[in-house]
Amino acid sequence: MKMVLASKNPHKLTEMKAILSQLGVEVVLESDVGVDVDVEETGTTFEENARLKAEAVMKAAGLPAIADDSGLCVTALGGGPGVYSARYGGEGLNDRQRYELVLQGLSGQMDRSAKFVSCICCCFPGGDVLNARGECPGLITYSPRGEDGFGYDPIFLVPETKKTFAQMTAAEKNAISHRGRALEVFRTELEQYLGGQHG
């Protein structure tokens, strides 16, 4: 089965492929099927935004489409940046400027608790929809650590590993990350769905 990833982010494609290839699902980018959809992420929840993206790409490509909306929710920032994680601080900022903004917002704060949330939605041309959610709790560091990863990874520490996401190998991160957890839930749902179709 071929699925179109409703994202232009090559990092997400790598993570999705690593987990879904085990089910015999080929995940391709929008550009691979000649689709270029810009979706207004007007939802107020990760679930709503994931569905908006998946539905738009599914309609444009005529193939099952999978979308993930994810972000960082920091307790002391009232759950922010949340659904605005990718656009935090406005357009035109890079990853470093965004995570520095979070660190500034936490200046003097003792409560560093946070979580990464990932919501996955898969829309099929027949109208079926699968949803999955994963969370990874952690703490915001006082300064960035690590060279790998993307987005807020350098400031997100997972206490039991004593590493930030940016200090982990891809395998270490996928095993515990919010997207890894959401994909595991999604994988189970997809297995049941595909089994039901052919059963």
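None of the values given here were measured: they were computed from a predicted structure.

**Q** Would you mind showing me how to read the pairing of strand β2 (residues 26-29) here?
**A** The side chains of a regular strand alternate between the sheet's two faces. Relative to β2, strand β1 (residues 2-5) runs parallel, the two being bridged by four bridges. Note on β2: the bridge partner recorded for M3 is V27. Taken together, β1, helix α1 (residues 10-20) and β2 form a β-α-β motif whose crossover is right-handed.

**Q** Honestly, the pattern of salt bridges in this entry has me stumped. Any pointers?
**A** Between side chains of opposite charge, a pair can form as their charged atoms come close. This model, assessed by the stated rule, comprises 16 salt bridges. In this structure, K12 engages D68 in a salt bridge whose closest nitrogen and oxygen atoms are separated by 2.7 Å. Taken as a pair, K12 in helix α1 and D68 in strand β3 (residues 65-74) lie far apart in primary sequence, 56 residues in all. The residues K12 and D68 share a single accessibility class, namely buried. Linking D69 and K53 is a salt bridge whose minimum nitrogen-to-oxygen distance equals 3.2 Å. Taken together, the residues D69 in strand β3 and K53 in helix α2 (residues 46-61) connect sequence positions 16 residues apart. Looking at K53, the relative accessible area reads 8%, which means it is buried. Here the salt bridges share partners, and the residues they tie into one network are K8, E30, D36 and D38.

**Q** Explain the nonpolar core to me, please; I cannot follow it from the model alone.
**A** One broad trend across soluble globular proteins is that nonpolar side chains are buried collectively. Core analysis: the largest hydrophobic core is formed by 21 residues, its most contacted members being M3, I66, F186 and L190. Counting residues per element, the ones that place at least two in this core are β1, α1, β2, β5 (113-123), β6 (129-140) and α5 (178-198). The contacts of I66, once residues within four sequence positions are left out, are M3, V4, L5, A6, M16, L20, I120, C121, C122 and F186. Counting residues in hydrophobic clusters, the runner-up holds 17 residues, among them V102, L106, I140 and I176.

**Q** What am I meant to see in α2 here?
**A** Residues spaced three or four apart along an α-helix point in a common direction, a consequence of the helix completing one turn every 3.6 residues. Its 16 residues give α2 an end-to-end C-alpha distance of 23 Å, which sits within 8% of 22 Å, the value for a rise of 1.5 Å per residue. Within the sequence span of α2, burial applies to F46, N49, A50, K53, A54, V57 and M58. Projection of α2 onto a plane perpendicular to its axis shows the buried side chains occupying an angular sector of 155°, all on one side. Elements in contact with the buried residues of α2: β1, β3 and β5. G62 sits one or two residues past α2 and shows a positive phi near 70°.

**Q** Is there a simple way to think about the side chain of R112 in this case?
**A** Among the secondary structure elements, R112 is positioned in the loop between α3 (95-105) and β5. No salt bridge is formed by the buried R112; the nearest opposite charge belongs to D111, separated by 7.8 Å. Within polar-contact distance, the side chain of R112 engages the backbone oxygen of L106 at 3.1 Å.

**Q** Teacher, can you tell me more about unusual backbone geometry here?
**A** Working note: non-glycine residues mostly have negative phi, and peptide bonds are mostly trans. Cis peptide bonds are those with omega within 30 degrees of zero, and the linkage from G80 to P81 qualifies with -10°. Position of P81 relative to the elements: it lies in strand β4 (residues 80-81). The phi angle at K162 is positive, at roughly 60°, despite the residue not being glycine. Along the chain, K162 turns up in the loop between β7 (156-158) and β8 (163-164).

**Q** Looking at this structure, I do not really get the environment of S7. What am I missing?
**A** Among the structural elements, S7 can be located in the loop between β1 and α1. Separated by 29 residues in the primary sequence, S7 and D36 place their C-alpha atoms 9.6 Å from one another. A polar side-chain atom of S7 sits 2.9 Å from the main-chain amide nitrogen of N9.

**Q** How should I be thinking about α3 in this particular structure?
**A** Taken as a whole, α3 has its buried residues at R98, Y99, V102 and L103. For α3, the angular spread of buried residues about the axis comes to 140°, placing them on one side. Where the residues of α3 are buried, they touch β3, β4 and β6. Its side-chain oxygen placed 3.1 Å from the backbone nitrogen of R96, N94 serves as the N-cap of α3.

Conventions and cut-offs
Residues numbered from 1 in each chain as written. Predicted model: local features only at pLDDT ≥ 70, side-chain atom pairs only at ≥ 80, totals over all residues. Heavy atoms only, no water. Pairing = 2+ DSSP bridges. Helix = DSSP H or I, 4+ residues; strand = E, 2+ residues; numbered from the N terminus. Right-handed = clockwise from strand over helix to strand, strands pointing away. Salt bridge = Lys/Arg side-chain N within 4 Å of Asp/Glu carboxyl O. Buried < 20%, exposed > 50% of the residue type's maximum accessible area, 1.4 Å probe, protein only. Core = buried A, V, L, I, M, F, W, Y, C linked by side-chain atoms within 4.5 Å. Contact = heavy atoms within 4.5 Å. Expected span 1.5 Å × (residues − 1). Arc of directions from axis to C-beta. Lys, Arg positive; Asp, Glu negative; His and termini not counted. Polar contact = N/O pair within 3.5 Å; in protein donor to acceptor, adjacent residues only side chain to side chain.

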